[in-house]
Amino acid sequence: MRHHRKNNCIVTAVILFISDLHLAPERPATTARFIHFLRTHARHAQQLYILGDLFDAWIGDDDDTPLQRDICAALRDLTAAGVDCAIVPGNRDFLLGRAFFRTSGCQRLRDLTLLNCGGESTVLLHGDLLCSDDVAYQRFRRHVHNPLLQQLFLWQPLAKRRALAQHYRQRSMTATAEKTLEIMDVNPATVATTLRRFDATQMVHGHTHRPADHLDNGATRRVLAAWDEVNGGEVLVLEPAAVNKWHRKSII
Ligand code: LP5
Ligand code: MN
C-alpha cells in the first residue's frame, strides 16, 4: 500500500475506515458481524483501514485463542483476495506484533499516517494522542509504549500477562469513571498542531466513540463510531467517484 506525503497522486479507489470494534470472546455478535463484513462489504473495496482497538486487549501474538485465530484467518482471506488492509495500533492493541501482521497479511501503520484521500491530505490515527488534556492517560501511554517494558511484558507467561492486562483495565475503568467527558475528548489545539505538522486539511480517527464530522477552520475531522454488540457497527466510506464522496454505512 502506498502512502503519499504530497498531493501528487489522486486516489480514486474505494477506501473503508473502521475502528474500535473491541473484539472479545464475550462479544460474539461483533466478531460475527466483523467476519461477515470482511467477507462481503470489504471485498468490494480497494483498501481497508482499521484505526485502532480492533481487539479489546492484545497481550501478545502467542495468545493463540479461537477469536484471534478466526480474525487472523478472515483478514488473511481478505488480503489474499487483493484488498489492502492497514492497521493503526490502538490503546488496547498496540502490542499487535510481527507474527500477527505476517499471518493476516495486513500492514502495520505508524501512530500517525498521512494519506491522500481523493486529493485531500488526511491524517489517520487512533485518536488517543489527541486527548492531551488527559494527562494521566498520556503518562500511562508513555509508560506502556516503552519498548523495554513491552519486551519485559512479552517475556512473562501468558497467565501473568492476562492478569496484568486485567489489572490495567481495572485501574483504567476506575480512572475514567472519575474523569469528565471534556478531559477525555480531543484537545482542539492538539488537533490543529497535528494537522499543521502534516500540512493536512483532514483527519480520520476513532477512540473517543463520538462519531461526527467536525468542520473547524476549514479542516475536517471525521470521528469513527465504536462497534456495539447489540446495535452493530459503522464503516466510513470514501468513494471519490460518487457524488456523496464520504458517507457512513451501518453494519447490522
Ligand atoms: O480504553 P478505555 O476507554 O477504557 O480507556 C482509555 C485509557 N485507558 C487505557 C488503558 C487500557 O484500557 C488498558 C489496556 C490493556 C491491554 C493491553 C495490554 C497491556 C500491555 C502492557 C505493555 C507494557 O488505555 C484511559 C483514558 C480513556 O481511554 C479516554 O481517553 O482516560 O486512560 C486511563 O484510564 C489511564 C489512567 O488515567 C492512569 C493509568 C492507571 C493504570 C496504572 C497502572 C500502573 C501500575 C502497573 C503495575 C503493574
Ligand atoms: Mn481507544
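Look above for the structure.
Residues numbered from 1 in each chain as written. Chains lettered and ligands numbered in written order. Predicted model: local features only at pLDDT ≥ 70, side-chain atom pairs only at ≥ 80, totals over all residues. Heavy atoms only, no water.

## Quick notes on the pattern of salt bridges
Where we set the bar: Note on definitions: salt bridges are taken to be side-chain nitrogens of Lys or Arg within 4 Å of carboxyl oxygens of Asp or Glu. The helix and strand labels rest on DSSP assignments: H or I over at least four residues marks a helix, E over at least two residues marks a strand, and numbering proceeds from the N terminus. The classification of residues rests on relative accessible area computed with a 1.4 Å probe and restricted to protein chains. Under 20% of the type maximum is buried, over 50% is exposed, and intermediate values are partly exposed.
Counted by the stated rule, this structure contains 13 salt bridges. Between Asp-63 and Arg-162 there is a salt bridge whose closest N-O contact spans 3.0 Å. In this pair, Asp-63 is assigned in the loop between strand 2 (47-50) and helix 2 (66-80) and Arg-162 in helix 6 (residues 158-177), connecting sequence segments 99 residues apart. By relative accessible area, which is 9% here, Asp-63 ends up buried. Take Arg-162: its relative accessible area is 44%, and that puts it in the partly exposed class. A salt bridge links Asp-213 to Arg-248, with the shortest nitrogen-to-oxygen separation between them at 2.9 Å. Of this pair, Asp-213 sits in strand 8 (residues 212-216) while Arg-248 sits in strand 11 (residues 246-251); the two residues are 35 residues apart in sequence, bridging distant segments of the chain. Among the residues examined, Asp-213 registers a relative accessible area of 44% and is labelled partly exposed. If you follow the salt bridges from partner to partner, you end up with Asp-213, Arg-222, Glu-234 and Arg-248 in one network.

## Topic: the sheet that holds strand 8
Operational definition: The pairing criterion for strands is at least two bridges between them, as found by DSSP. Lines fitted to the C-alpha atoms define the axes, with helices restricted to the stretch that makes contact. Angles between their N-to-C directions range from 0 to 180 degrees.
The strand order 5-6-7-9-8 describes an open sheet built from five strands, whose pairing is mixed. Of all strands in the sheet, those bounded by a partner on one side alone are strand 5 (112-117) and strand 8. Each adjacent strand pair in this sheet contributes to an overall mean axis angle of 20°, direction not counted. Bridging between strand 7 (residues 202-205) and strand 9 (residues 219-223) involves four bridges; their strand directions are parallel. What sits directly across from Gln-202, in strand 9, is Thr-220.

By themselves these figures say nothing about function.
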